[in-house]
Amino acid sequence: MAWEKLTLSRPRSIVPLVSLSAVWLALVIAGALLTDFNEPYLPFAIAGGFVFFLRGAPSRWEIYAWLLISAIFIKVIHLPQTPFWVLRVASSFAVLGFGALLLLGLRALWSEREGRKNALALLVPSLILVLFILSSANALRLSSGFNPKTYDAWLYAFDGSLGFQPSFWMGKIMYQSLALTRITLLTYLSLPFAMAVVCAWHIPSSARRVSWRVLTVLLLAGVAGWLLYNVIPATGPLYAFAANFPWNSVPYKDLSTFPLEKMSIPLGIPRNAMPSLHVGWVILLCWNSRGLPRALRAALVLYLLLTVVATLGSGQHYLVDLVVSLPFALAVQALACFSPPNPSRRIAAMVAGIGFTVAWLLLVRFGVSWALKSPAIPWSLMLVTTSVTFWLEIRMAQHHSSDAAAESVSVILPGLLRGAR
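Residues numbered from 1 in each chain as written. Predicted model: local features only at pLDDT ≥ 70, side-chain atom pairs only at ≥ 80, totals over all residues. Heavy atoms only, no water.

Trainee: So what's going on with helix H9 (residues 191–201)? Residues and values would help.
Mentor: Residues lying three or four places apart along an α-helix face the same way, a consequence of the helix completing one turn every 3.6 residues. Where burial is concerned, most of H9 is hidden: 10 out of the 11 residues are buried. Every buried residue of H9 is listed here: Leu191, Pro192, Phe193, Ala194, Met195, Ala196, Val197, Val198, Cys199 and Ala200. (Buried < 20%, exposed > 50% of the residue type's maximum accessible area, 1.4 Å probe, protein only. Helix = DSSP H or I, 4+ residues; strand = E, 2+ residues; numbered from the N terminus.)

Trainee: Tell me about empty space enclosed by the protein, and please be specific about residues and values.
Mentor: Considering all chains together, one arrives at 2 cavities of 30 Å³ or more under this definition. In this structure, the second largest cavity spans a volume of roughly 30 Å³. Of the residues belonging to the lining of the second largest cavity, the class tally is 5 nonpolar, 2 polar and no charged. (1 Å grid on protein atoms, 1.4 Å probe; cavity = no way out; pocket = protein on both sides within 12 Å on 5 of 7 lines; lining within 4 Å. Points joined across faces, edges and corners; volume = space filled by probe spheres on them. Nonpolar A, V, L, I, M, F, W, Y, C, P; charged D, E, K, R; others polar.)

Trainee: Pulling in residues and values, what's your account of the environment of Pro125?
Mentor: Inspection of the secondary structure puts Pro125 in helix H5 (residues 113–146). Once the C-alpha coordinates of Pro125 and Gly48 are considered, the two residues, 77 residues apart in sequence, prove to be 9.8 Å apart. Setting aside residues up to four positions removed in sequence, Pro125 forms contacts with Phe52, Leu120, Ile203, Val210 and Leu215. (Contact = heavy atoms within 4.5 Å.)

Trainee: Residues and numbers for the packing of aromatic side chains, please.
Mentor: Across all of its chains, the model carries 19 aromatic pairs by this definition. Taking 6.4 Å as the distance between ring centres and 75° as the angle between the ring planes, the aromatic pair formed by Phe44 and Phe93 counts as edge-to-face. One end of the pair, Phe44, is in helix H2 (residues 41–55); the other, Phe93, is in helix H4 (residues 85–110), and 49 residues separate them in sequence. Accessibility expressed as a relative area gives 2% for Phe44, which makes it buried. A residue is classified by how much of its surface remains accessible, and Phe93, at 29% relative accessible area, is partly exposed. With 5.6 Å between their ring centres and 40° between their planes, Phe50 and Phe193 make a pair best called tilted. Here the residue Phe50 occupies a position in helix H2, and Phe193 occupies one in helix H9, the gap between them amounting to 143 residues. (Phe/Tyr/Trp six-rings, centres within 6.5 Å; stacked < 30°, edge-to-face > 60°.)

Trainee: An account of the nonpolar core is needed here, citing residue identities and associated values.
Mentor: Counting 123 residues, the largest nonpolar core has Phe52, Phe73, Trp281, Leu285, Val320 and Trp360 as its most contacted members. In terms of residue count, H4 provides more of this core than any other element does, 13 residues in total. The contacts of Trp281, once residues within four sequence positions are left out, are Phe132, Leu191, Met195, Leu218, Ala221 and Gly222. (Core = buried A, V, L, I, M, F, W, Y, C linked by side-chain atoms within 4.5 Å.)

Trainee: Quick one: what's the story with the pattern of salt bridges, residue by residue and with numbers?
Mentor: Summed over the entire model, instances satisfying the criterion amount to 3 salt bridges. Arg208 serves as the salt-bridge partner of Glu114, at 2.5 Å between the closest nitrogen and oxygen. Residue Glu114 is located in helix H5, and its partner Arg208 is located in the loop between H9 and helix H10 (213–229); the two are separated by 94 residues in the primary sequence. Look at Arg208 and you get partly exposed, because its relative accessible area is 37%. (Salt bridge = Lys/Arg side-chain N within 4 Å of Asp/Glu carboxyl O.)

Worth remembering: the numbers are spatial, not functional.
Below is the structure:
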């Protein structure tokens with residue numbers, strides 16, 4: 001990172017820069033003081049700032065300044081005093097994030113033209129992710145007021161049509177392993193940080209413009225997911241069946257008499273079960289990690305597996321929520337990556353993704369009795385949905401790669417020929 005050198009030959013230019021720097025410093029400190037560190041998602045989103053900062057290849061002295069500023073922020077921020085260890089991890093990461101955001105903003109103000117563009121290319125997506133996570137929490141609280149009663153009974157019965165309750169089964173495994181519980185809990189709550197890692201890695205260290213590719217996919221999934229939450233509002237077995245989760249579930253033979261009735265659940269609990277955006281977002285992160293280092297891609301696959309375990313075992317979701325997130329993610333990926341002139345495979349993926357998503361919503365709402373006829377029915381539907389979704393996404397990705405390769409050849413080859421001449 002290169003900063004502009006101050007000289008006495010330009011005294012007039014320093015005054016507005018100093019003023020803007022003071023304003024930025026005040027904004028960052030205000031954000032640190034107003035942040036609620038008693039919930040982990042926003043602190044983990046703020047922590048993403050230091051990923052973008054490191055992506056910009058800072059100098060040794062900038063690293064020293066970042067660590068010093070972060071240490072000062074520890075005295076400024078009111079860190080949580082609760083014994084919940086995840087909050088302590090999130091808060092510690094957030095302190096590093098505030099220091100990074102402050103330095104990125106100052107670099108954008110004081111650097112020369114190219115350095116300023118690079119700093120903004122790193123700062124803007126970081127701030128967008130923070131605002132996105134903050135607005136998502138408020139949107140979830142708003143949707144709860146729209147749906148005082150939930151359809152958890154339908155989701156519970158459909159999961160049971162598989163012959164057992166997957167979330168209850170996974171919950172028993174988690175409750176018997178402290179290590180697995182802690183790992184999956186950290187995985188589940190650190191999703192905003194994982195988003196920041198993938199978004200930052202798509203930005204070259206010398207970037208001069210904001211990379212919108214992954215941001216667009218994540219934001220579109222968030223908006224579309226919030227809309228679907230209001231179609232079949234549900235909370236999860238932990239909240240709907242708190243007295244029984246995860247030890248007691250209705251046997252398969254008794255599900256035919258299980259009453260399918262709306263459930264009154266406190267409005268403070270989000271209606272964000274169907275589809276699972278947690279799993280959907282991580283799937284999108286995996287799909288959009290092509291071209292990144294193999295170690296990072298392998299880590300994302302592991303992160304996806306741990307997210308599946310966490311969403312089920314913690315009682316936040318039913319298995320059917322996770323299945324619906326697959327075609328939902330496919331539709332979002334196809335829509336966000338739609339670009340002429342050869343959109344046929346993307347259109348096919350988008351239509352299939354939307355079609356499967358709508359079909360599953362209708363099936364869960366009106367076809368539970370049909371699914372209860374035999375466990376082979378829901379298992380077959382889940383297998384077909386999963387297989388077709390991944391096949392269409394791979395097909396679409398291969399088409400995108402071939403288009404990119406053809407475009408590169410069409411640009412590079414004429415240049416080589418001109419050079420040969």
